[in-house]
Amino acid sequence: YLDAARTQLLNYQYGQATLVTNYRYDYRTRLFVQGTAGKYLVPDQINLPAGLDYNKKNFSVMLGINRQLNEKWNLSASVGPSQIRTSQSIDRGESYNAVLSYKAELSNLSLSLTKDVLPNGYGDLTRRNQIRLDWAAPVTEEISTVLSFVDLTNKNIRVVSNATSDSLDYREVDASLK
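Small disclaimer: the values here were computed from a predicted structure and weren't measured. (Residues numbered from 1 in each chain as written. Predicted model: local features only at pLDDT ≥ 70, side-chain atom pairs only at ≥ 80, totals over all residues. Heavy atoms only, no water.)

Trainee: Please provide a residue-by-residue account of the overall build of the protein chain, values included.
Mentor: Helix and strand counts for the protein chain come out as 1 helix and 9 strands. Written out in order from the N terminus, the α and β elements of the protein chain read α-β-β-β-β-β-β-β-β-β. Looking at the 178 residues of the protein chain, the share that counts as buried comes to 31%. Nonlocal contacts in the protein chain, meaning residues at least 24 apart in sequence, comprise 48% of its contacts between residues at least 6 apart. Summed over its atoms, the accessible surface of the protein chain is roughly 11600 Å², and 55% of this surface lies on carbon and sulfur atoms. (Helix = DSSP H or I, 4+ residues; strand = E, 2+ residues; numbered from the N terminus. Buried < 20%, exposed > 50% of the residue type's maximum accessible area, 1.4 Å probe, protein only. Contact = heavy atoms within 4.5 Å. Areas by Shrake-Rupley, 256 points an atom, 1.4 Å probe, with all protein chains shown as cover.)

Trainee: With reference to specific residues and values, describe the pairing of strand β4 (residues 73-85).
Mentor: Strand direction decides the pairing type here: strand β3 (residues 56-68) and β4, joined by 10 bridges, are antiparallel. Each bridged residue has a counterpart across the sheet, and for Gly-64 the counterpart in β4 is Ser-78. The hairpin turn running from β3 into β4, its antiparallel successor, is 4 residues long. Pairing between β4 and strand β5 (residues 90-103): 13 bridges, direction antiparallel. Note on β5: the bridge partner recorded for Gly-80 is Ser-95. (Pairing = 2+ DSSP bridges.)

Trainee: Report on the pattern of salt bridges, specifying residues and quantitative values.
Mentor: Under the definition given, this model contains 6 salt bridges. Arg-127 is the salt-bridge partner of Asp-91, the closest N and O atoms lying 2.9 Å from each other. Of this pair, Asp-91 sits in strand β5 while Arg-127 sits in strand β7 (residues 125-138), placing them 36 residues apart in sequence. On the basis of relative accessibility, which here comes to 7%, the residue Arg-127 falls in the buried class. (Salt bridge = Lys/Arg side-chain N within 4 Å of Asp/Glu carboxyl O.)

Trainee: Describe in detail the side chain of Thr-36, supporting the description with residues and values.
Mentor: When you line up the elements, Thr-36 lands in strand β2 (residues 29-41). Residue Thr-36 is classed as buried on the basis of its relative accessible area of 11%. A polar contact of 3.4 Å, which involves the side chain of Thr-36, links it to the side chain of Thr-18. Sequence-distant contacts of Thr-36, defined by excluding residues within four places in its chain, comprise Gln-16, Ala-17, Thr-18, Asn-58, Phe-59 and Ser-60. (Polar contact = N/O pair within 3.5 Å; in protein donor to acceptor, adjacent residues only side chain to side chain.)

Trainee: Pulling in residues and values, what's your account of the packing of aromatic side chains?
Mentor: Using the criterion set out here, one finds 1 aromatic pair in the structure. Pairing Trp-73 with Tyr-102 gives two aromatic rings, centres 4.7 Å apart and planes at 50°, and the pair type is tilted. Within this pair, whereas Trp-73 is found in strand β4, its partner Tyr-102 is found in strand β5, the two being separated by 29 residues in sequence. A residue is classified by how much of its surface remains accessible, and Tyr-102, at 23% relative accessible area, is partly exposed. (Phe/Tyr/Trp six-rings, centres within 6.5 Å; stacked < 30°, edge-to-face > 60°.)

Trainee: Give me the lowdown on the environment of Val-146, citing residues and values where you can.
Mentor: Following the sequence through the fold, Val-146 ends up in strand β8 (residues 144-157). Considered as a pair, Val-146 and Asn-108 are 38 residues apart in the sequence and their alpha carbons are 9.4 Å apart. In contact with Val-146, not counting residues within four places along its chain, are Trp-135, Ala-136, Asp-174, Ala-175, Ser-176 and Lys-178.

Trainee: Give a detailed account of the environment of Asn-74, specifying residues and quantitative values.
Mentor: With respect to the helices, strands and loops of the structure, Asn-74 is situated in strand β4. Ignoring any residue separated from it by four or fewer positions in sequence, one finds Asn-74 in contact with Asn-66, Arg-67, Gln-68, Leu-69, Val-99, Leu-100 and Ser-101. A polar contact is formed between the side chain of Asn-74 and the side chain of Asn-66, at a distance of 3.3 Å.

Printed below as a string of structure tokens:
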């Protein structure tokens, strides 16, 4: 698009692989281990500020449980360590995901809490904390109403001397037909 340089956004490549192994404990409970590795690359670094390492790797391992509490309620939770690495340093943290969902006869409700690592367009990886509440109900057989509330905090991680850069907080309420 026009004047892309003014945005300070970078062209980047991000690849991620996830491996999950499951163990069915009983007919309502599943235990799992999830390992994730990601690589963030900025291929063209010619015109970028010197001294910053734009090539980053992130890793996480999470242990989790998925439990069908009863016919209507389900709980899924996982937690584990994560890290972001550059050639200069390492930033350590944690990742987690918890989802409580309810399925009624004519509607669905879910509450989720998430902390994970995502790429952004400024040469950083971002630790995202999110709380999300969703409600969905059918209007017809083919159309549903969906209401969502999201509270999100993004903290950009610049892994240079373990310095944490800017963060962004926002809230969103969304109503849609799907």
